[in-house]
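# Observations on the model geometry
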Amino acid sequence: RIEPICEGAVILRGAAAEEAPELIETIRENFAVSPPRQMKTPGGHTMSVAMSCCGEYGWVTDEKGYRYQAEDPVTGRPWPSMPARFSKLATEIASQAGFPDFVPDACLINRYEPGSKMGLHQDKDEVDFSQPIVSVSLGLPQVFQFGGTTRSERPVKIPLQHGDVVVWGGASRLRYHGVLTLKAGNHPMTGACRYNLTFRRAR
Ligand code: MD3
Ligand code: FE
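Residues numbered from 1 in each chain as written. Chains lettered and ligands numbered in written order. Predicted model: local features only at pLDDT ≥ 70, side-chain atom pairs only at ≥ 80, totals over all residues.

Per an unreviewed UniProt entry, the protein chain is named Alkylated DNA repair protein AlkB, and its organism is Marinobacter nitratireducens.

Next comes the structure, spelled out in structure tokens:
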């Protein structure tokens, strides 16, 4: 059930598969309030992934930089609150992976369409790196790339499938990672796309 990927990271294959229909419905409700948007990096590039958020804080990027903030810059309103089924799933799975006190205050919701990718990066806009990140993959499969703590270290490729949940903590927390270009396909629950939820403790 729980397979180690490397020090600090474990994968629970299919752990969210049973709950997936409700999770996907909840993502669509979130998108109706805070729509998915392709944000700009400080370097002026438009990201190919469309993002929204829920929870006390959401992650944003614009010409001024990367940060967590309580307001959605598109709506000018707070992000939708984190649904109980989201926080419950993240806390339960983190606990199974050895992080018993994980209470997320932010959830990024990524939507990949064919051609979308995310280049190698580190997640370091959070304040406490002893807190893990929990990721949930839904819909089309996508190849995840997992590198080292320096950009030069050659990444390994791990296919992430519908329902897979990964807990990234400890020594894996600051490793470079990304996803390769999403291939066209059709998933019975998400159609032509993949959703990824990442649960974080931002503050
Ligand atoms: C390893 N998302 O939102 S999820 C991101 O598939 C992000 O949408 C990818 O990277 C996606 O920042 C990958 C897996 C993941 C998420 C966060 C990590 C792996 C991680 C943080 C540290 C180490
Ligand atoms: Fe990331």
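Moving on, there is more to tell.
Of regular secondary structure, the protein chain possesses 2 helices and 13 strands. Computed over its C-alpha atoms, the radius of gyration of the protein chain comes to 16 Å, within 12% of the 17 Å expected for a compact globule of 203 residues. Along the longest, intermediate and shortest principal axes, the C-alpha atoms of the protein chain span 40 × 35 × 35 Å. Of all 203 residues assigned to the protein chain, the portion counted as buried reaches 38%. Long-range contacts, defined here as pairs at least 24 residues apart, represent 75% of the contacts in the protein chain between residues at least 6 apart. (Helix = DSSP H or I, 4+ residues; strand = E, 2+ residues; numbered from the N terminus. Rg over C-alpha atoms; globule rule 2.2 N^0.38 Å. Buried ≥ 20, exposed ≤ 12 C-beta atoms within 10 Å, placed from the backbone. Contact = placed C-beta atoms within 7 Å.)

Before going further, it helps to spend a moment on the UniProt feature "domain: Fe2OG dioxygenase" (unreviewed entry) in the protein chain. Using the residue numbers shown here, the UniProt feature "domain: Fe2OG dioxygenase" (unreviewed entry) corresponds to residues 103-203. Counting secondary structure, residues 103-203 comes out at 0% helix and 42% strand; the distance between its end C-alpha atoms is 11 Å. (UniProt positions renumbered as here; feature names shortened; annotations may be inferred.)

Moving on to the site of ligand 1. Neighbouring ligand 1 are 16 residues, the closest being Asn-110, Asp-123, Ser-135, Trp-168 and Asn-196. Counting only elements with at least two residues in the shell around ligand 1, the list comes to β6 (106-112), β8 (133-139), β11 (165-168), β12 (177-179) and β13 (194-200). Per-class residue counts for the shell around ligand 1 are 7 nonpolar, 6 polar and 3 charged. (Near = placed C-beta within 6 Å. Nonpolar A, V, L, I, M, F, W, Y, C, P; charged D, E, K, R; others polar.)

Let's shift gears to the UniProt feature "binding site: Fe cation" (unreviewed entry) in the protein chain. Annotation from UniProt places "binding site: Fe cation" (unreviewed entry) at His-121, Asp-123 and His-177. Their sequence span is 57 residues, while the largest C-alpha to C-alpha distance among them is just 8.7 Å; these annotated residues converge on one region. Tracing the sequence through the fold places His-121 in strand β7 (residues 118-121). For His-121, a count of 12 C-beta atoms within 10 Å gives the class exposed. Looking at where Asp-123 falls in the secondary structure, it is placed in the loop between β7 and β8.

The subject of this paragraph is helix α2 (residues 84-96). Counted at 1.5 Å a residue, the expected span for α2 with its 13 residues is 18 Å, and the 18 Å between its end C-alpha atoms agrees. Considered for burial, the residues of α2 that qualify are Phe-86, Leu-89, Ala-90, Ile-93 and Ala-94. Down the axis of α2, the smallest arc covering the buried residues is 120 degrees, so these residues share one side. Opposite the packed face of α2, turned more than 90 degrees from it, sit the exposed residues Ala-84 and Lys-88. Elements in contact with the buried residues of α2: β2 (9-12), α1 (20-33), β6, β8, β11 and β13. Note on α2: the residue one or two positions beyond its end, Gly-98, has a positive phi of about 100 degrees. (Expected span 1.5 Å × (residues − 1). Arc of directions from axis to C-beta.)

Each strand in a sheet pairs with another by means of backbone hydrogen bonds, the pair being arranged parallel or else antiparallel. The 4 strands lie next to each other as β7-β12-β9-β10, forming an open sheet whose pairing is antiparallel. Every other strand in the sheet has two partners, leaving β7 and β10 (156-160) as the edge strands with one partner each. Neighbouring strand axes in the sheet, compared pairwise and without regard to direction, differ in orientation by 20 degrees on average. Looking at chain direction, strand β9 (residues 142-146) and β12 are connected through 3 bridges and run antiparallel. When the sheet's bridge partners are listed, Gln-145 is paired in β12 with Gly-178. (Pairing = 2+ DSSP bridges. Axes fitted to C-alpha atoms, helices over the stretch in contact; angles between N-to-C directions.)

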